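# An overview of the molecular structure
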Amino acid sequence: MAGSCDLTLQVEGMSCASCVRRVEAALESVPGVADASVNLATETARVTLNGAVPPSALVEAVEKAGYAPVVTEAVLDIEGMSCASCVRRVEQALKSVPGVIEASVNLANESARVRYLAGTTTPAEIAKAAAAIGYPAHPRRTEGGAELAPAEARRAAEIERLGRLTLLAAVLAAPVFVLEMGSHFIPGMHALIGATIGHQTSRVIQFVLTTIVLSGPGLRFYTKGFPALFRGAPDMNALVALGTSAAYLFSVVATFAPQLLPEGTAQVYYEAAAVIVVLILFGRWLEARAKGRTGEAIRRLVGLQPKTARVIRDGAAVEVPIEEIVPGDIVEIRPGERVPVDGEVVEGASFVDESMITGEPVPVEKRPGAQVVGGTVNGSGSLRVRATAVGADSVLAQIIAMVEAAQGAKLPVQGLVDRITAWFVPAVMAVAAVTVLIWLAVGPEPALGHALVAGVSVLIIACPCAMGLATPTSIMVGTGRAAELGVLFRKGDALQRLEEVRVVAFDKTGTLTRGQPEMTDFAVVGDFSEAEVLAAVAAVEARSEHPIAKAIVAKARARDLTLAEPEAFEAITGYGVCARVGGREVLVGADRLMKREGVALGEMEERLAELARRGRTPLLAAIDGRIAAVIGVADPVKPGTPAAIAALHEQGLKVAMITGDNAVTARAIAEELGIDAVVAEVLPAGKVEALRRLRGEHGPLAFVGDGINDAPALAEADVGIAIGTGTDVAIEAADVVLMSGDLRGVVNAFAISRAVMRNIRQNLFWAFGYNTALIPVAAGVLYPATGIMLSPVLAAGAMAMSSVFVLSNALRLRYLKPALSEEPDASAGKAEAGLRPAAAE
């Protein structure tokens, strides 16, 4: 695995923030690893390599830290091999794929068995490596080539297993709880046990059942916790193992050798050990279920991709797996079907619903020459499409990759969690030890029993699970929901930086405006007919390639006017055009053309100046030497722009416009939209300097643009936001991408950022506040005043519920509604202050 690249591998066995720190440290210790970032919610590690690093070295490092990197297996069917040298070449090609640990090729049955780090690659990507050197390969789909379950299936299996273990542990622990705690709370229960089975028999029964619980369903805590403790890197499992072992071993001594304990201290705490295991397993089960739901957005995106498509082969439509489609294939799409690949329409006409990609609800008309995106839904027409991008090159695949990258990112706020968890678990163990010593020294009798209860409660309640989940779960759910709303965070830390922005700067052409001239004003003069004059002007302009001419012709065609064929057409550079239409001489151009040709302007100069003040390009049309019409052409503001600007102002943000256009036009548009600051007539380098000045005046800023000349400004801004309809260069330079060209997406991006950061702060407050408040309670600070001690059982329940609370709070982000709807008439409505929960589904 040579060169610089990023790998994402799946890691099992992590349970808290301390685990995250240890896995990161283990991976970063491998020579050639530049950086490692671990996400507890997704159970993945993103590793940046700057040299040749064998996957086996990563596996070994993670395993030494006490965790399990997920290694899976794929079987490929290989075509075209004929000798041992073919086998060697194919094996070398397969092993060159990042993440592949081992590849074994069998010439006899023309197959290859590949072991690879789950999450780093896919069977389809591995197959491409063989195909690239001339040996077509396909992942085997038959049962004979069974592969290990994908991440979703493994998670489902883990949820099912945790459910079974929790149920078994609960059934075994229930009698223990009833026998011991019933004696304290149910009148006459203690006497009844003594008169029937006897107290010693009761303790033996509790011993047997608790032993089964700890050595069966609870064994996972000991097999992971004690090794971590012996390595000097204790984690949550170590805290649970220590706490339950202390309660269990003390109870065993009290049951079978009470004479070894001080008089009056031979109490049993089997119920604490058994019920702690039940509650923590139950919390893990709830946690696993909630974790599964955090990735629903990605699964929905993946589900948009059809598994098969009909490809035209030898004149007939043949259904083939989507992986076998190559650029250039002609794909047939029936009404109501999903578009299987990115491509260009070559035959047919239909309307395609692109809302799942762009967030815009109105279907888009598609005719020959139009582009379609894989995953969108075809309407009532049939289409034939030439595939242009398949697999990892498709728009949908790139969206999924962007979302996954953002979900695995670490926000700056996560640094606080990392610094605390680096010493948190050892500190908790020290607090537990001090707690025991204090109780033994000054506690009331039985001091040993009180010391044990307090020490075990401290160990159990302080497990830092919620800390490790607080940030990544919110990022996962928030970025996933953002993608569904057409907002892609290419870099996860943009979530936090966007919240800090104080000024938003926009490019003008193609961002605030449509980027294409449009005729906005047409007023006839004198006794001329509007349709007559527009038809004559458009007939002349139809011979011109100028963008303004095209805008005038488009308006005439939209009104279904018939355009005559002009005669004696002449383009007069810098002035305009002239021609004969229907025997009449027609002039179209600036006022200087009319002056040159001796046409009297009369009162027209004031009307032309008014158009210029409004940001229009003013033109005049003359027929047979008389002014016939005043024309205004402009690059119109996008429909959603006014509402977006107003919504940003409502959020307390300053809005600026930076453009290369002339100052008069720029100021006119700024006045129309209520923009606070305008920087006009600047080159791309000048945009960067303008951004620096704005940052100095107002603080952190975001820049929104769509063109190649916007790339430097997008990179310079604290947060670069690219319009998805823009150029690839602009998108690559941006931190956030809006899949539609509608600026209401900018408002949604800000609202999503604030909602996610608010959610993260709630989670962190709960996680840290919970531990800060309850560790002293668990240690027994309330006992002198109230005589109340926190039971280890209650501590276990509170600890489990802490993680469930954090996950449930993060999952609320799934129901965020857009702050500013992109319905066609939304620009007339009032922007909402932020994202709001959807109605219950």
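Residues numbered from 1 in each chain as written. Predicted model: local features only at pLDDT ≥ 70, side-chain atom pairs only at ≥ 80, totals over all residues. Heavy atoms only, no water.

Looking at an unreviewed UniProt entry, one finds the chain named P-type Cu(+) transporter, with Meinhardsimonia xiamenensis as its source organism. Under the UniProt heading Sequence similarities (unreviewed entry), the entry covering the chain gives this text: "Belongs to the cation transport ATPase (P-type) (TC 3.A.3) family. Type IB subfamily." (UniProt positions renumbered as here; feature names shortened; annotations may be inferred.)

Below, the discussion takes up the sheet that holds strand β19 (residues 503-506). Paired through backbone hydrogen bonds, the strands of a sheet run either parallel or antiparallel to each other. The strand order β18-β30-β29-β28-β19-β26-β27 describes an open sheet built from seven strands, whose pairing is mixed. A strand with exactly one partner marks an edge of an open sheet, and here the two such strands are β18 (487-489) and β27 (677-679). Going across the sheet, the axis of each strand differs from the next one's by a mean of 20°, ignoring polarity. Relative to β27, strand β26 (residues 654-658) is paired through three bridges, and the arrangement is parallel. From the neighbouring strand, Ala 656 faces β27, where its bridge partner is Ala 677. (Pairing = 2+ DSSP bridges. Helix = DSSP H or I, 4+ residues; strand = E, 2+ residues; numbered from the N terminus. Axes fitted to C-alpha atoms, helices over the stretch in contact; angles between N-to-C directions.)

Another aspect to go through is the environment of Cys 578. One can find Cys 578 in strand β22 (residues 576-581). Residues Cys 578 and Ile 623 lie 45 residues apart in sequence; the distance between their C-alpha atoms is 9.9 Å.

A separate point is the packing of helix α23 (residues 641-650) against helix α28 (residues 744-779). Two elements in contact, α23 and α28, have axes separated by 8 Å at closest approach and are oriented at 25°. As summarised for this structure, α23 and α28 are arranged roughly parallel, according to the angle between their axes. Contacts between α23 and α28 involve Ala 644, Ala 647 and Leu 648 on the former and, on the latter, Arg 744, Val 746, Val 747 and Phe 750. Of the residues contributing to the contact of α23 with α28, the split by class is six nonpolar, no polar and one charged. (Parallel < 35°, antiparallel > 145°, perpendicular 65-115°, else oblique. Contact = heavy atoms within 4.5 Å. Nonpolar A, V, L, I, M, F, W, Y, C, P; charged D, E, K, R; others polar.)

One open sheet accounts for six strands, arranged β20-β25-β24-β23-β22-β21; its pairing is antiparallel. On the outer flanks of this sheet lie β20 (518-524) and β21 (567-572), each paired with one strand and no other. Direction aside, neighbouring strands of the sheet carry axes that sit 15° apart on average. Of the strand pairs in this sheet, strand β24 (residues 617-623) and strand β25 (residues 626-634) are connected by seven bridges, and their pairing is antiparallel. Looking at the pairing, Thr 617 lines up with Val 633 of β25. Across the face of the sheet, helix α19 (residues 530-541) comes into contact with β20, β21, β22, β23 (584-589), β24 and β25 while running at roughly 115° to β22. Contacting β20, β24 and β25, helix α22 (residues 604-613) runs over the sheet at an angle of about 10° to β25.

Further remarks concern unusual backbone geometry. Positioned with a positive phi, Asp 314 is a non-glycine residue whose angle comes to about 55°. Within the secondary structure, Asp 314 is located in the loop between β9 (308-313) and β10 (316-321). Of note, Asp 560 is a non-glycine position whose phi angle comes to about 60°, a positive value. With respect to the helices and strands, the residue Asp 560 is situated in the loop between α20 (547-558) and β21.

Okay, the confidence of the model for the chain next. Regions with low pLDDT carry predicted coordinates that are not meant to be interpreted in detail. Residue-level pLDDT values for the chain average 81, and 88% of them are 70 or greater. Highest mean pLDDT in the chain belongs to β19 (93); lowest belongs to helix α27 (residues 728-733) (64). When the criterion is pLDDT under 50, residues 142-149 qualifies, and its contacts beyond four places in sequence or with other chains add up to 11 contacts. Note that residues 824-841 has pLDDT below 50 and, in this model, 34 contacts with residues that lie over four places away or in other chains. (pLDDT = per-residue confidence, 0-100.)

A cluster of nonpolar side chains, namely Val 434, Ile 438 and Val 442, defines an oily patch on the protein surface of about 290 Å² accessible area. Overall, Val 434 belongs to the partly exposed group, its relative accessible area being 45%. (Patch = residues over 30% accessible without salt bridge, like charges linked within 9 Å, V, L, I, M, F, W, Y side chains within 5 Å. Areas by Shrake-Rupley, 256 points an atom, 1.4 Å probe, with all protein chains shown as cover. Salt bridge = Lys/Arg side-chain N within 4 Å of Asp/Glu carboxyl O. Buried < 20%, exposed > 50% of the residue type's maximum accessible area, 1.4 Å probe, protein only.)

Here the structure, examined in full by the defined rule, presents nine aromatic pairs. Considering the side-chain rings of Trp 766 and Phe 805, the 4.5 Å spacing of their centres and the 35° angle between planes classify their relative orientation as tilted. Taken as a pair, Trp 766 in helix α28 and Phe 805 in helix α30 (residues 792-811) lie far apart in primary sequence, 39 residues in all. Since its relative accessible area comes to 32%, Trp 766 is described here as partly exposed. Look at Phe 805 and you get partly exposed, because its relative accessible area is 36%. Grouping aromatic residues by their ring pairs yields a cluster made of Phe 207, Tyr 248, Phe 256 and Tyr 270. (Phe/Tyr/Trp six-rings, centres within 6.5 Å; stacked < 30°, edge-to-face > 60°.)

Glancing now at the packing of helix α7 (residues 199-215) against helix α9 (residues 236-256). Between α7 and α9, whose axes approach to 10 Å, the crossing angle comes to 150°. Comparing their axes, α9 and α7 come out roughly antiparallel. Handedness of the crossing formed by α7 with α9: left-handed. On α9, the residues touching Gln 200, Arg 203, Val 204, Phe 207, Thr 210, Thr 211 and Leu 214 of α7 are Tyr 248, Val 252, Ala 254, Thr 255 and Phe 256. Residues that form the contact of α7 with α9 fall into these classes: seven nonpolar, four polar and one charged. (Left-handed = near helix turned anticlockwise from the far one by under 90°.)

Bringing the UniProt feature "transmembrane region" (unreviewed entry) in the chain into the picture now. On the UniProt side, "transmembrane region" (unreviewed entry) is annotated at positions that read residues 165-184, 204-223, 235-256, 268-286, 420-442, 448-471, 764-783 and 789-811 here. Secondary structure over residues 764-783 splits into 85% helix and 0% strand, and the C-alpha atoms at its two ends are 28 Å apart. Helix and strand shares over residues 789-811 are 87% and 0% respectively, and the end C-alpha atoms of the span are 34 Å apart.

As a further point, take α28. An ideal rise of 1.5 Å per residue puts 52 Å on 36 residues; α28 measures up with 53 Å between its terminal C-alpha atoms. Gly 780 occupies a position one or two residues after α28 and carries a positive phi of about 105°. (Expected span 1.5 Å × (residues − 1).)

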